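# Residue-level structural notes
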Amino acid sequence: MKKALDLIAAPTGIQPGNYVPVVYSDLDGPKTPTASLEVEHSTRGWRFRVAWPCPEPVRDTGDESDRFPDAAAVLVPSVGDAPWVTMGAPGQAIGGFLWRADRETLQSVRAEGLGSVQRGEAKGVRGLASEWHSGEWSLGFEVAGWKELDETHQVAIAVWRGSARQRAGLKSISPGWVQVTT
Amino acid sequence: MSDILESGSTQRQLAMVLDLNKCLGCQTCTVACKKLWNKDSGSDYAYWNSVETQPGRGYPAEWRETGGRDSEGAVKRGEIPNIDTGYGRAWNFNHKQTFESSGKPGAQKEWLRPDSNPKWGANWDEDRGAGEYPGSNHYFYLPRLCNHCTHAACLEACPRKSIYKREEDGIVLVDQDRCHGYRFCVEACPYKKVYFDYERQVANKCIFCLPRIEEGVPMACARQCPGRLRFVGYRDDPDGPIWKLVDQWKVALPLHPEYGLAPNVFYVPPMSPPQLDARGRPTGEPRIPLSYLESLFGDSVGGALETLVAEREKRKQGTPSELMDLLIAYDWNQSFALGPKDAEVSLG
């Protein structure tokens, strides 16, 4: 399955705290307006390829105080139709993998609502490859087994543009769960 | 005393008063803090406690313009200071070359200098100040640290609830296990006293020397101050120095009260000698303009200065002044009131 996605800006008005909802506006639209998502299922597991435009890559934040890396996440609901825009909800977790341009390995992520993301070591991931070329990032990896995806066949993506100092809830996201057809 | 602690705040609030009339600008507090708590290479540029010259751009540069509150106390978009132009990158010195060159007869002498080309740093504009020599030039030192605000902007900005305020003493802390390094706290703090550890990828800040406080020992910055300008205690302790200076005498004022965060670090504003006219005669106008002090400490600064001048005059006339005796810190034990376990301070 390969799909071209029109991304939206994650709504800042619902972000936790009294700062981001007040000073950051999502009215300008997503920093990353489009992405392509390719998902394949085989006996080896699930294979993903995500690509998105990025005119000014940030691969490394080095010893800087104000730089943020490019990043992307592929996420799946633990139960069908767990809320995506709010990163799940209590009892309706979402989980997946986070890629950051300044790291060599993926991190696992799990959340039950905004501000609840837990990061950990990603297990069962093979063939991680990322490349920036001609204004576009492409990211590929395989996951040996993903029970939730086997059951729900739903996946979503989020993209953070480091040059725009995007992090946390400042991100571009698929407008909802994408139905995976194999 | 409970009305001192605003509704919704913690059970008690640890606080500090700094008498700016006594600050020498020696940076002993800065070094005491840095050596004790903040030696990680990822925050080598960061000073939880810093002493800056005012009027000046401060540390980080232009921190008043880059914070997350406007002059009416409304939340506004702050900035994360750049490590080169905002904080100033930590640099090393060419000690080896300098000492080697000085030991070789005939060799060209190396001057001691940074090994980089720094653009800014803590107290970069040292002793520059403002005004015209010799009639109105002036400066004073402003030690700054986290204000452990009652309504902390950093705490309210964190989407992960990684920053919290201790119920027992109101100390504002970062839970670094929860922190994901998003730096909204750095942006939002109008005092710019939350820092980012770029190696560990987490925020850090002054912890009010929490482990010392729990043992009844004052913060390192206060304990090591040669000028004895710092007072430590609880906001609601009527026998302690904080209540006396803030609430009884009303000579200790918060920095930028207009931000609306109810900071718990207070300052006794600096008195200054008079300006001189063209013929060198005192004009009666203080060298540090009242309007400038009001821009830092609010409208109450004039009243505080009047009280200080009046009490100083009483003391000069030989009349007892409880306020002057407290500020002079004849008895260091009176500077710190940390509860039943504060025996350590008797060593001073």
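Residues numbered from 1 in each chain as written. Chains lettered and ligands numbered in written order. Predicted model: local features only at pLDDT ≥ 70, side-chain atom pairs only at ≥ 80, totals over all residues.

With that settled, consider the overall build of chain A. Of regular secondary structure, chain A possesses two helices and 13 strands. Here the C-alpha atoms of chain A give a radius of gyration of 15 Å, agreeing with the 16 Å that 2.2 N^0.38 yields for 182 residues. If you line up chain A on its principal axes, its C-alpha atoms span 45 × 35 × 30 Å. Across the 182 residues that make up chain A, the buried fraction comes to 41%. If you take every contact in chain A between residues at least 6 apart in sequence, the share linking residues at least 24 apart comes to 57%. (Helix = DSSP H or I, 4+ residues; strand = E, 2+ residues; numbered from the N terminus. Rg over C-alpha atoms; globule rule 2.2 N^0.38 Å. Buried ≥ 20, exposed ≤ 12 C-beta atoms within 10 Å, placed from the backbone. Contact = placed C-beta atoms within 7 Å.)

Glancing now at the overall build of chain B. Within chain B, the secondary structure is distributed over 11 helices and 12 strands. Considering only C-alpha atoms, chain B reaches an extent of 65 × 60 × 45 Å along its principal axes. Counting all 348 residues of chain B, 45% fall into the buried class. Taking all contacts inside chain B whose residues are at least 6 apart in sequence as the whole, residues at least 24 apart take part in 65%.

This next bit is on the environment of B:Pro226. Counting through the fold element by element, B:Pro226 comes out in the loop between helix 7 (220-223) and strand 8 (230-234). Setting aside residues no more than four positions away along its own chain, B:Pro226 makes contact with B:Leu24, B:Cys26 and B:Thr28.

Right, let's talk about the sheet that holds strand 9 (residues 253-254) of chain B for a bit. Residues and elements named next belong to chain B. Taken in spatial order, the four strands of this open sheet run 8-1-10-9, and their pairing is mixed. Strand pairing shows two members of the sheet lacking a second neighbour, strand 8 and strand 9, which therefore form its edges. Sheet analysis places strand 1 (residues 14-19) next to strand 8, joined by five bridges and oriented antiparallel. Note on strand 8: the bridge partner recorded for Leu18 is Arg230. (Pairing = 2+ DSSP bridges.)

Okay, the nonpolar core next. With 98 residues, the main nonpolar core has B:Val17, B:Cys154, B:Cys185, B:Ala203, B:Leu245, B:Ala252 and B:Phe266 as its most contacted residues. At five residues, the largest contribution of residues to this core is made by strand 1 of chain B. Aside from chain neighbours lying at most four places away, what touches B:Cys185 is B:Cys154, B:Ala157, B:Cys158, B:Ile163, B:Val194 and B:Ala203. Counting residues in each nonpolar core, the second largest holds 48 residues, with A:Phe68, A:Ala73, A:Phe97 and A:Trp137 among its members. (Core = buried A, V, L, I, M, F, W, Y, C linked by C-beta atoms within 7 Å.)

Here we take up unusual backbone geometry. All names here are of chain B. Along the chain, Gln54 connects to Pro55 via a cis peptide bond; the corresponding omega equals -5°. As for its placement among the helices and strands, Pro55 is situated in the loop between strand 2 (50-54) and helix 2 (83-87). Between Tyr133 and Pro134 the backbone carries a cis peptide bond, its omega angle lying at 0°. Tracing the chain through its elements places Pro134 in the loop between helix 3 (95-102) and strand 3 (140-144). For His256, which is not glycine, the phi torsion reads 50° and is therefore positive. Counting through the fold element by element, His256 comes out in the loop between strand 9 and strand 10 (265-268). Among the residues examined, His256 registers 21 C-beta atoms within 10 Å and is labelled buried. A positive phi is found at Ala329, a non-glycine position, where the angle reads about 65°. Checked against the element boundaries, Ala329 lands in the segment after helix 11 (322-328).

Turning to the pairing of strand 9 (residues 125-133) of chain A, a few remarks are in order. Residue and element names in this part refer to chain A. Where burial is concerned, little of strand 9 is hidden: zero out of the nine residues are buried. By the bridge criterion, seven bridges tie strand 9 to strand 10 (residues 136-143) in an arrangement that is antiparallel. The residue bridging Ala129 from the neighbouring strand is Gly140, located in strand 10.

All names here are of chain B. Counting buried positions along helix 8 (residues 241-248) yields six of eight residues, so the element is predominantly enclosed. The complete set of buried residues in helix 8 reads Pro241, Ile242, Trp243, Lys244, Leu245 and Val246. Buried residues along helix 8 sit in contact with strand 1, strand 8, strand 10 and helix 11. Just beyond helix 8, the residue with positive phi is Lys250, at close to 55°.

With that settled, consider the interface of chain A and chain B. Listed by partner, the interface residues are 18 residues for chain A and 20 residues for chain B. For the side of chain A that touches chain B, the class distribution of residues is seven nonpolar, seven polar and four charged. (Nonpolar A, V, L, I, M, F, W, Y, C, P; charged D, E, K, R; others polar.)

Moving on, we come to the environment of B:Glu306. All names here are of chain B. The residue Glu306 is located in helix 10 (residues 301-316) in this model. A tally of 11 C-beta atoms within 10 Å means that Glu306 is categorised as exposed. Distance from Glu306 to Cys221, taken between C-alpha atoms, is 28 Å for residues 85 residues apart in sequence.

The next subject is the pairing of strand 1 of chain B. Residue and element names in this part refer to chain B. Burial within strand 1 is extensive, with six of its six residues counted as buried. The two faces of strand 1 match: Leu14, Met16 and Leu18 on one face and Ala15, Val17 and Asp19 on the other face are all buried. Both strand 1 and strand 10 contribute to a ladder of four bridges, which runs parallel. If you follow Leu18 over to strand 10, its bridge partner there is Tyr267.

Moving on to the sheet that holds strand 9 of chain A. All names here are of chain A. Here we have five strands laid out as an open sheet, ordered 1-3-4-10-9, and antiparallel in their pairing. Strands with a single pairing partner mark the edges of an open sheet, and in this sheet they are strand 1 (2-6) and strand 9. Averaged over all neighbouring strand pairs, the angle between strand axes comes to 15°, with direction disregarded. Two elements, strand 4 (residues 45-53) and strand 10, share eight bridges in a ladder whose sense is antiparallel. Residue pairing in the sheet places Val50 in a bridge with Leu139 of strand 10. (Axes fitted to C-alpha atoms, helices over the stretch in contact; angles between N-to-C directions.)

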